[in-house]
Amino acid sequence: MRFLKALLLTASAGLGGLAVAYASGLFEPLQAAYPRAVWPALGSFETISGQPEPLHYAPVLAALNTRGQDLFEDADSHALLVLRGDRIVLETYADGYGPHTRFNSYSLIKSVVGALVLQAVSEGRIASLDDPVSAYLPDFGSERFGQQSVRSFLEMRSGLDFEQESADKQDRLVTYNPFGRLARLHAGGLASVEDELQVRSDRAGQFAYQNVNTAVLGHLLEKVHGRPLDHLLVERVWLPAGAARADWLRHGEEGSVTAYCCLYATASDWLKVGRFLAQNGTPERPFLSEELWNLYFGTGLSPKARTTGAYGTHIRHNILDRKGEALQGSFSYMMGQGGQIVYMMPAKDLVVVRFGDRHSLLHSTLYSAWNSLPSGN
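Residues numbered from 1 in each chain as written. Predicted model: local features only at pLDDT ≥ 70, side-chain atom pairs only at ≥ 80, totals over all residues. Heavy atoms only, no water.

Asker: Can you tell me about the overall build of the chain, naming the residues and giving the values?
Answerer: Looking only at helices and strands, the chain has 12 helices and 12 strands in total. Here the chain, with 377 residues, has 58% of them falling under the buried criterion. Within the chain, contacts between residues separated by at least 24 positions form 68% of all contacts whose residues are at least 6 apart in sequence. Counting every atom, the chain has about 15,600 Å² of accessible surface; 51% of that belongs to carbon and sulfur. (Helix = DSSP H or I, 4+ residues; strand = E, 2+ residues; numbered from the N terminus. Buried < 20%, exposed > 50% of the residue type's maximum accessible area, 1.4 Å probe, protein only. Contact = heavy atoms within 4.5 Å. Areas by Shrake-Rupley, 256 points an atom, 1.4 Å probe, with all protein chains shown as cover.)

See the structure below:
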């Protein structure tokens, strides 16, 4: 009964890349369980300890230019913050939102899990990304599942035939079965769907964005560290970045955190996390080896690969190359289902965070934020 209750309470949840078609009026009795875009939210959560370090502000904050303000409003944006170096230089909130609002990360957290996997490689806990996942999860899943490499899950190329449709279409599923595999994963965790982690030969090696890939990586991290995933986040990223208390959705009342979704934190905390990753931790304590940091930020990708949009190690890559624009070059970004974005341009010492109800134009949002800053930037 406890599992059924958890299933019913969470079947309509937004699972990172998952959004139920509530506009159609389906599953109205379950709408109360849908993880809201802002805190507080219904469900069971794990507290993420924080030790907030204040960000410095520029003496005079910039305001969005006309183009930027139009984009902000047209996409139902809630927050847009720009960090250059160690200073916030632009900070804009819609009515009803502010510096203390804790937003739902949705799939932003996937990119942090990906970074933690690379850190486990840096530390030798994972010998190689090309090792079969069975080397770290023995006796879990089918033989074919165990043969897939850690890298294949990190790049969403595992070939798992699990979710009804790739969630990469704006991070949304067109259809959703509240009693399907994804709902069972959400309610009961990875162990509840172990027998359904089947690999299709014709899909192995092909990109398919699925929440279950991140769930596998979260489970793997817990095994190689011997510690819960939320503890790893706190120790390895959240506290070193200087972020404040947050809350992370769990699988049911007593389960582990949902590796692929739903951490509630402020926009400025995501600025700190973006800066921490872009700067590779601190000079005294690098987060990743140089080689793996370059891999995470797609340093070896060609401009052509970036132009078409590349999905790397649980993080996305693109390029700014529009003629006539002052800001040019490669950028990497985390993205969530409502257009939650953390842009990172290490070469420019630039981090931009945007939250909203709908996706905003990817490049134009970044251009307008930069062009709103004082000349010389």
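So much for the structure itself; the text now carries on.
Asker: If you had to explain the nonpolar core to someone new, which residues and values would you point to?
Answerer: Counting residues in each nonpolar core, the largest one holds 86 residues, and the members touching the most others are Leu263, Trp270 and Leu277. At 10 residues, the largest contribution of residues to this core is made by helix 3 (residues 108-122). Non-local contacts of Leu263, meaning those with residues more than four positions away in its chain, are made with Ile48, Phe103, Asn104, Ser105, Ile109, Leu233, Trp238, Ala246, Asp247, Trp248 and Trp270. In terms of nonpolar packing, the next biggest core, distinct from the first, is built from 25 residues, Leu327, Met345, Tyr367 and Trp370 among them. (Core = buried A, V, L, I, M, F, W, Y, C linked by side-chain atoms within 4.5 Å.)

Asker: So what's going on with the confidence of the model for the chain? Residues and values would help.
Answerer: Of the residues in the chain, 86% reach a pLDDT of 70 or more, and the chain-wide mean stands at 89. Within the model, the stretch residues 1-33 combines pLDDT values under 50 with 87 contacts to residues more than four positions away or in other chains. A low-confidence stretch, residues 166-175 stays under pLDDT 50, and its non-local contacts, those more than four residues away or across chains, total 33 contacts. (pLDDT = per-residue confidence, 0-100.)

Asker: Please provide a residue-by-residue account of the sheet that holds strand 2 (residues 56-62), values included.
Answerer: Spatially, 8 strands are ordered 2-4-3-12-11-10-9-8 in an open sheet, and the strand pairing comes out mixed. Of all the strands in the sheet, just strand 2 and strand 8 (310-311) have a single pairing partner and so form its edges. Running over the sheet, helix 2 (residues 66-74) touches strand 3 (77-84) and strand 4 (87-93) and is turned about 140° from strand 3. Relative to the sheet, helix 3 contacts strand 10 (329-335), strand 11 (341-345) and strand 12 (350-356), its axis offset from that of strand 10 by approximately 110°. (Pairing = 2+ DSSP bridges. Axes fitted to C-alpha atoms, helices over the stretch in contact; angles between N-to-C directions.)

Asker: Describe helix 9 (residues 267-278), listing the residues and the values that go with them.
Answerer: For the α-helix, the turn length of 3.6 residues means that residues three or four positions removed from each other point alike. Look at helix 9: 16 Å from first C-alpha to last across 12 residues, which is about the 16 Å you get at 1.5 Å a residue. The buried fraction of helix 9 is high, at 12 of 12 residues. Every buried residue of helix 9 is accounted for by Ala267, Ser268, Asp269, Trp270, Leu271, Lys272, Val273, Gly274, Arg275, Phe276, Leu277 and Ala278. Where helix 9 ends, the next residue or the one after it, Asn280, has phi of about 60°, a positive value. (Expected span 1.5 Å × (residues − 1).)

Asker: Can you explain the packing of aromatic side chains? Please cite residues and give values.
Answerer: Under the criterion given, the structure shown has 16 aromatic pairs. The interplanar angle of 65° and the centroid separation of 5.5 Å between the aromatic rings of Phe145 and Phe153 together place this pair among those described as edge-to-face. Each of the two residues, Phe145 as well as Phe153, counts as buried. Measuring from ring centre to ring centre gives 6.4 Å for Tyr333 and Tyr343, while their planes differ by 35°; the resulting arrangement is tilted. Here Tyr333, found in strand 10, pairs with Tyr343, found in strand 11; they are 10 residues apart in sequence, far enough to count as distant. Of the residues examined, Tyr333 reaches a relative accessible area of 8% and is grouped as buried. (Phe/Tyr/Trp six-rings, centres within 6.5 Å; stacked < 30°, edge-to-face > 60°.)

Asker: Tell me about the sheet that holds strand 7 (residues 263-266), and please be specific about residues and values.
Answerer: As a general point, the strands of a sheet are linked pairwise by backbone hydrogen bonds and lie either parallel or antiparallel. Overall, antiparallel pairing links the 4 strands, which are arranged 1-6-7-5 in an open sheet. A strand with exactly one partner marks an edge of an open sheet, and here the two such strands are strand 1 (45-48) and strand 5 (102-104). Sheet twist, expressed as the average angle between the axes of neighbouring strands with direction ignored, equals 30°. Across 4 bridges, strand 1 lies against strand 6 (residues 246-249) in antiparallel orientation. Note on strand 6: the bridge partner recorded for Thr47 is Asp247. Those strands touched by helix 8 (residues 229-241) are strand 1, strand 6 and strand 7, and its axis lies near 25° from that of strand 1.

Asker: I'd like a rundown of the environment of Gln279, residues and numbers included.
Answerer: Summarising the element assignment, Gln279 is placed in the loop between helix 9 and helix 10 (290-296). By relative accessible area, Gln279 is classed as partly exposed at 41%. Spatially, the C-alpha atoms of Gln279 and Trp293 are 9.4 Å apart, while their sequence positions differ by 14 residues.

Asker: Give a detailed account of helix 6 (residues 181-188), specifying residues and quantitative values.
Answerer: Among all positions of helix 6, only Leu182, Ala183, Leu185, His186 and Ala187 are buried. Taken from the residues just after helix 6, Gly189 is the one with a positive phi, measuring 85°.

Asker: Give me the lowdown on the environment of Phe297, citing residues and values where you can.
Answerer: With respect to the helices, strands and loops of the structure, Phe297 is situated in the loop between helix 10 and helix 11 (303-307). Classification of Phe297 as buried rests on a relative accessible area of 4%. Residues Phe297 and Ala278 lie 19 residues apart in sequence; the distance between their C-alpha atoms is 8.2 Å. When neighbours within four sequence positions are excluded, Phe297 is seen to be in contact with Leu277, Ala278, Arg306, His317, Ser332, Met344 and Pro346.

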